[in-house]
Amino acid sequence: MEFRDLKKQYQMHRQEIDNAIKTVVNEAHFISGPQVTQLEEKLAAYVGVKHCIACANGTDALQLTLMAWGIAAGDAVFVPDFTFFSSGEVVPLVGASPVFVDIDADTYNISPESLERAIEYVIQNTDLKPRVIVAVDLFGQPADYEKIRRIADKYDLLVLEDAAQGFGGRVGERRACSFGDISITSFFPAKPLGCYGDGGAVFTDSDEWADLLRSLHVHGKGGDKYDNIRIGLNSRLDTLQAAVLLAKLDFLEEELVRCDQIAAEYTRQLAGAVKVPVIREGMRSAWAQYTICLESTKEREYLMAFLKEAGIPTAVYYKKPMHLQQAFAGHLIEAVPCVQTEDICGRCVSLPMHPYLEEEQIEAVCKQVTRLRK
Ligand SMILES: *Cc1c(COP(=O)(O)O)cnc(C)c1O
């Protein structure tokens, strides 16, 4: 069994993907080919925002956003304590200070209460200027943007939606990547919409920020690549990746529907035995992960070994809270305790989750997990 079965996805859609790749190779327009613009237009329409700028990966997408906003030394950026390293890594990279915030015990997304406490702490106890809230759509479920937006308005902060795991998710009819002042996603192969290498994108309704992002991601270009008006990055999405994504976008919706069915089946079978994911009313998760919680670290290690024995792969996202990552030592503002994060890091484990899981495989996983509890 595969944790995320990219081979099966390719087998199911070989024709479309092969054709897309062949076209690029034949036309040999490998950088900034027409497929890149076509993808940007399609993604912007799918998400329902005005601009999409494709770039080299999700981490660059986050960094480009902070650069476009001029975030720098003296600025505080609020980041959930429970996320992939990138969400916080980009903050010291532009010279600013990350402030890690605790999570909601059920959704594992940033806790609005902890966020507001952290902002108040920074205002009252530091010389930093609060500027940005990074809200992560963890495991595929959008964060609580209603409350986050209220807090952002109250303190005059910008919202950066990190939907690296959330592309295809929704709140009501509104799609992920439309909730931030600027939003980003990643096309890393294992993400909900993955390419065949690295890739990412930035989304915004602002013409001004879109122009800045377009310049920043190609060496700070002015009129053209050889007219450089600011310091930028080399962060383009290559044409081959754009072509693969265009082909995959055609069946994304189908995959998301299937993931919802699989998650519902997992939950039906596991709900009494372990803590299953909580999806808030009106939300649709993109199911980047199906993450359960055990009673203790010991029980988790035991279950993982036990599943491995049965040929079932698992993974722990994430074992270590951001504030305990060595890389942030020296950059840390410890504004609020992150007790929920510390607790969940010790007990969570993610099960195989992808649209090509078969009934018998779901059954097999559930049987082994529930057996542990008997
Ligand atoms: C994967 C991921 C990123 C980074 O994306 P890359 O394309 O790998 O750079 C950022 N944030 C979160 C939450 C992620 O899961």
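Read on for a plain summary of the structure. Each chain has its residues counted from 1, following the order in which its sequence is written. The predicted origin of the model limits local features to residues at a pLDDT of at least 70 and limits the giving and counting of side-chain atom pairs to 80 or more, whereas totals for whole chains, interfaces and linings rest on all residues. Working from all heavy atoms in the structure, the side-chain values ignore hydrogens and water.

A few words on the site of the ligand. Around the ligand sit 14 residues, and of these G58, T59, Q165, S186 and K191 come closest. At a separation of 2.8 Å, a nitrogen atom of the ligand approaches a polar side-chain atom of D162. K191 is positioned with one of its side-chain polar atoms (N or O) 2.7 Å from an oxygen atom of the ligand. Only the protein chains shown count as cover for residues, and the accessible areas themselves come from Shrake-Rupley with a 1.4 Å probe. Considered on its own, the ligand offers 380 Å² of accessible surface; in the complex 93% of this is hidden by protein. According to the grid-proximity analysis, the pocket containing the ligand is the largest pocket. For the shell around the ligand, the secondary-structure elements that each account for two or more residues are α4 (58-68) and α5 (86-93). Side-chain classes are defined by residue name, with Ala, Val, Leu, Ile, Met, Phe, Trp, Tyr, Cys and Pro counting as nonpolar, Asp, Glu, Lys and Arg as charged, and the others, Gly among them, as polar. Classifying every residue of the shell around the ligand by side-chain character gives three nonpolar, nine polar and two charged. Residues are labelled near a given molecule or strand when at least one of their non-hydrogen atoms is within 4 Å of it. Here a polar contact is recorded for every N or O atom pair within 3.5 Å, except that within protein the pair must consist of a potential hydrogen donor and a potential acceptor, and residues adjacent in sequence are included only if both atoms are side-chain atoms. Definitions used for this entry: grid spacing 1 Å over protein atoms alone; cavity, a set of points where a 1.4 Å probe fits but cannot get out; pocket, an open set with protein on both sides within 12 Å along at least 5 of 7 lines; lining residue, one with an atom within 4 Å of a point. Molecule-in-pocket calls rest on the fraction of atoms, with more than half required to lie within 2 Å of the cavity or pocket grid points. By the criteria applied, helices consist of DSSP H or I runs no shorter than four residues and strands consist of E runs no shorter than two, each listed in order from the N terminus.

The interhelical angle for the contact between helix α3 (residues 34-47) and helix α9 (residues 239-249), taken along N-to-C directions, is 40°, at an axis separation of 8 Å. Judged by the angle between their axes, α3 and α9 are oblique. In the crossing of α3 with α9, the sense of the turn from one axis to the other is left-handed. Contacts from Q35, V36, Q38, L39, K42 and L43 in α3 reach T239, A242, A243, L245, L246 and L249 in α9. For the contact of α3 with α9, a count of residues per class yields eight nonpolar, three polar and one charged. Orientation is described by lines fitted to C-alpha atoms, with helices fitted over the stretch in contact, and by angles between N-to-C directions that extend from 0 to 180 degrees. Should an angle fall under 35 degrees it is called roughly parallel, over 145 degrees roughly antiparallel, and 65 to 115 degrees roughly perpendicular, with every other angle called oblique. We call a crossing left-handed when the near helix sits turned anticlockwise from the far one by less than a right angle, and right-handed when that turn is clockwise. Pairs of residues are marked as contacts when any of their non-hydrogen atoms sit within 4.5 Å.

Here we take up helix α11 (residues 297-309). The span you would expect from a helix comes to 1.5 Å times its residue count less one. A rise of 1.5 Å per residue sets the reference length of α11, with its 13 residues, at 18 Å; its end C-alpha atoms lie 18 Å apart and thus fit the reference within 8%. If you check which residues of α11 are buried, you get E299, R300, L303, M304 and L307. Summarising the axial view, the buried residues of α11 lie within an arc of 135°, below the 170-degree limit, and thus occupy one face. For α11, the exposed residues lying more than 90 degrees away from the buried face are K298, Y302, K308 and E309. Turning to α11, the residues buried within the fold contact β11 (290-293), α12 (339-345), β12 (348-351) and α13 (359-372). G311 sits one or two positions beyond α11 and adopts a positive phi of about 80°. Note on exposure labels: buried denotes an accessible area under 20% of the residue type's maximum, exposed denotes more than 50%, and partly exposed covers the range between, all computed with a 1.4 Å probe on protein chains only. In this description, the arc belongs to the directions extending from the helix axis to the C-beta atoms.

Now for the sheet that holds strand β7 (residues 174-175). When DSSP locates at least two bridges between a pair of strands, those strands are taken to pair. Strand order in the open sheet formed by three strands is β7-β6-β10, and the pairing between neighbours is antiparallel. The sheet terminates laterally at β7 and β10 (283-284), the two strands that pair on one side only. Both strand β6 (residues 170-171) and β10 contribute to a ladder of two bridges, which runs antiparallel. Paired with R170 across the two strands is R284, which belongs to β10.

So, about a nonpolar patch on the surface. Here a patch means residues that are over 30% exposed by relative accessible area and free of salt bridges, tied together within 9 Å if like-charged and within 5 Å if nonpolar (Val, Leu, Ile, Met, Phe, Trp, Tyr). Criterion for a salt bridge: a side-chain nitrogen of Lys or Arg within 4 Å of a carboxyl oxygen of Asp or Glu. On the surface, V25, F30 and I31 cluster together into a nonpolar patch covering about 250 Å² of accessible area. Considering the arrangement of structural elements, one finds I31 in the loop between α2 (14-27) and α3. Of the residues examined, I31 reaches a relative accessible area of 42% and is grouped as partly exposed.

F82, Y266, L270, Y290 and I292 are the most contacted members of the largest nonpolar core, which has 68 residues in total. Apart from residues no more than four positions distant in its own chain, Y290 is found in contact with A263, Y266, T267, L270, V276, P277, V349, S350, L351 and M353. Listed in part, the 26 residues of the second largest apolar core include F187, L193, L245 and A286. Take the buried residues of types Ala, Val, Leu, Ile, Met, Phe, Trp, Tyr and Cys, join any two whose side-chain atoms come within 4.5 Å, and each joined set is a nonpolar core.

Grid points are joined across faces, edges and corners, and a volume is the space filled by probe spheres set on the points. One pass over the structure, following the stated rule, counts two cavities of 30 Å³ or more. In this model, the largest cavity occupies a volume close to 170 Å³. Tallying contributions element by element places helix α10 (residues 252-270) first for the lining of the largest cavity, with four residues. Tallied by class, residues from the lining of the largest cavity come to twelve nonpolar, three polar and five charged. Each pocket or cavity is described by its volume, and for the second largest cavity that value is around 100 Å³. Lining the second largest cavity we find 14 residues, and of these T107, F139, Q141, P277 and I279 sit closest to its centre.

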